[in-house]
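# Structural characterization, general
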Amino acid sequence: MERWLALELASTIRHDGDGGVADDLATVQGTTHWIQEQGDLLAGHVPAGELAADENLRLGIIELRQAVRALFARVVSPAPPSPADAHRLMTADQAIAHLNTAAAREPVAPQMDWPVEGVPTARLLSAENDPYVRLVAALARAAIDFLSGPQRTQLRSCTAPRCVRYFVKSHGRQEWCKPSCGNRARAARHYRRQRTVADDGSAPS
């Protein structure tokens, strides 16, 4: 299953399993754990497995997440955004400016490799020594790539009860981010139908 770094960042706000919302970046330790989990997606940008967050980095990543989630809300509009932060989103202009500024903090240049027997490949070579700056810039560039790429058109906000996730729709009939959300949504619909029947005394159709 394909993963996107921007979506992984947005998904650090999630349903906690008890009717509330959990934040994977709530602590420095949680932030370090999340960074290390993204090692495959961050390969070539920062040595994620060796990186330990501090409070400034945690807050920087959270601010970037706020920008990403604000722009995700813009993408899914006029459908409702994730209820986790719908009431306190930064404006789209603020979010775009924040992403662009964060991405620009790391000067990078494309470098081409072309082995004698093989095809040419390109990579970005960084002139930045601070791994924290490189990490936040990599997250910002990943968000820019995601939001300007074809997967943007398939971005949805899960409408299952209590879910606060965004997801990329992988097939035409997909309504929820995962099967358990679909089960919960269908159960809620059934419950509402039963309540309607009970309230008006009519037989179900």
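Residues numbered from 1 in each chain as written. Predicted model: local features only at pLDDT ≥ 70, side-chain atom pairs only at ≥ 80, totals over all residues. Heavy atoms only, no water.

### So, the overall build of the protein
Applied cut-off: By the criteria applied, helices consist of DSSP H or I runs no shorter than four residues and strands consist of E runs no shorter than two, each listed in order from the N terminus. Only protein chains enter the accessibility calculation, which uses a 1.4 Å probe; a residue is then buried when its area is under 20% of its type maximum, exposed when over 50%, and partly exposed in between. Residue contacts are defined here by distance: any two heavy atoms, one from each residue, within 4.5 Å place the two residues in contact.
Across its full length, the protein carries 7 helices and 6 strands. Tracing the protein from N to C terminus, the helices and strands come up as α-β-β-α-α-α-α-β-β-α-β-β-α. Every one of the 205 residues in the protein was classed for burial, and the buried ones make up 37%. Here the analysis covers contacts within the protein between residues at least 6 apart in sequence; of these, 56% occur between residues at least 24 apart.

### Overview of the layout of surface pockets
What counts here: Grid points spaced at 1 Å and placed over the protein atoms alone form the basis of the search, with a cavity being a set where a 1.4 Å probe fits but cannot get out and a pocket an open set showing protein on both sides within 12 Å along at least five of seven lines. Lining residues have an atom within 4 Å of a point. Grid points are joined across faces, edges and corners, and a volume is the space filled by probe spheres set on the points. Side-chain classes follow a simple rule in which Ala, Val, Leu, Ile, Met, Phe, Trp, Tyr, Cys and Pro form the nonpolar group, Asp, Glu, Lys and Arg form the charged group, and the remainder, Gly included, forms the polar group.
Estimated volume of the largest pocket: approximately 440 Å³. Where the lining of the largest pocket is concerned, the elements lending two or more residues are α1 (5-10) and β6 (166-168). At 3 residues, β6 tops the list of elements feeding residues into the lining of the largest pocket. Each residue belonging to the lining of the largest pocket can be placed in one class, and the counts come to 8 nonpolar, 4 polar and 6 charged.

### Here we look at the side chain of H15
Within the secondary structure layout, H15 lies in strand β1 (residues 13-15). Here H15 falls in the buried class, since its relative accessible area comes to 18%. If we skip the residues at most four places from it in the chain, H15 touches G20, R162, C163 and V164.

### Some remarks on the packing of helix α2 (residues 28-37) against helix α4 (residues 55-76)
What counts here: As a rule, the C-alpha atoms of each element are fitted with a line to give its axis, helices using only the stretch in contact, and angles between N-to-C directions run from 0 to 180 degrees. Put simply, angles under 35 degrees are roughly parallel, angles over 145 are roughly antiparallel, angles from 65 to 115 are roughly perpendicular, and the rest are oblique. Each crossing is labelled by how the near helix is turned from the far one, with a counterclockwise turn of less than a right angle marking it left-handed and a clockwise turn marking it right-handed.
With their axes 9 Å apart at the nearest point, α2 and α4 run at an angle of 65° to one another. Taken together, the axes of α2 and α4 lie roughly perpendicular to each other. Along this stretch, α2 crosses α4, giving a crossing that reads as left-handed. When α2 is examined against α4, the residues V28, T31, W34 and I35 are found in contact with a partner set consisting of E55, L57, R58 and I61. Considered class by class, the residues forming the contact of α2 with α4 number 5 nonpolar, 1 polar and 2 charged.

### Thoughts on the nonpolar core
Inclusion rule: Side-chain atoms within 4.5 Å link the members of a nonpolar core, which is a set of buried Ala, Val, Leu, Ile, Met, Phe, Trp, Tyr and Cys residues.
Residues I35, I61, F72, L99 and L135 are the most contacted members of the largest nonpolar core, which totals 41 residues. Sorting the residues of this core by element identifies α1, α2, α4, α5 (92-104), α6 (131-147) and β6 as the ones contributing at least two each. Here this core takes 11 residues from α4, the largest share from any one element. Apart from residues no more than four positions distant in its own chain, F72 is found in contact with A6, L7, A10, F146, L147, L155 and Y166.

### A closer look at unusual backbone geometry
Going from S77 to P78, the amide bond is cis rather than trans, its omega being 15°. Structurally, P78 can be placed in the loop between α4 and α5. If you check the backbone angles, R162 has positive phi at about 75° while not being a glycine. Here R162 lies in the loop between β5 (155-157) and β6. Its relative accessible area of 45% is what places R162 among the partly exposed residues.

### Re the confidence of the model for the protein
The test is simple: As a per-residue measure, pLDDT tells how confident the predictor is, with possible values from 0 to 100.
Residues with a pLDDT of 70 or more make up 89% of the protein, whose mean pLDDT is 89. In the model of the protein, helix α7 (residues 179-200) stands out as the element of lowest mean pLDDT, 63, in contrast to α4, which has the highest, 98.

### A short note on the packing of aromatic side chains
Applied cut-off: Here is the rule: rings of Phe, Tyr and Trp (six-membered ring for Trp) pair when centre to centre is within 6.5 Å. Planes less than 30 degrees apart are stacked, more than 60 are edge-to-face, and the remainder are tilted.
Applying the stated criterion across every chain yields a total of 3 aromatic pairs. Arranged with centres 5.9 Å apart and planes meeting at 75°, the rings of W4 and F146 form a pair that is edge-to-face. Separated by 142 residues along the polypeptide, W4 in the segment before α1 and F146 in helix α6 bring together distant segments of the chain. As far as burial versus exposure is concerned, W4 and F146 are alike and both buried.

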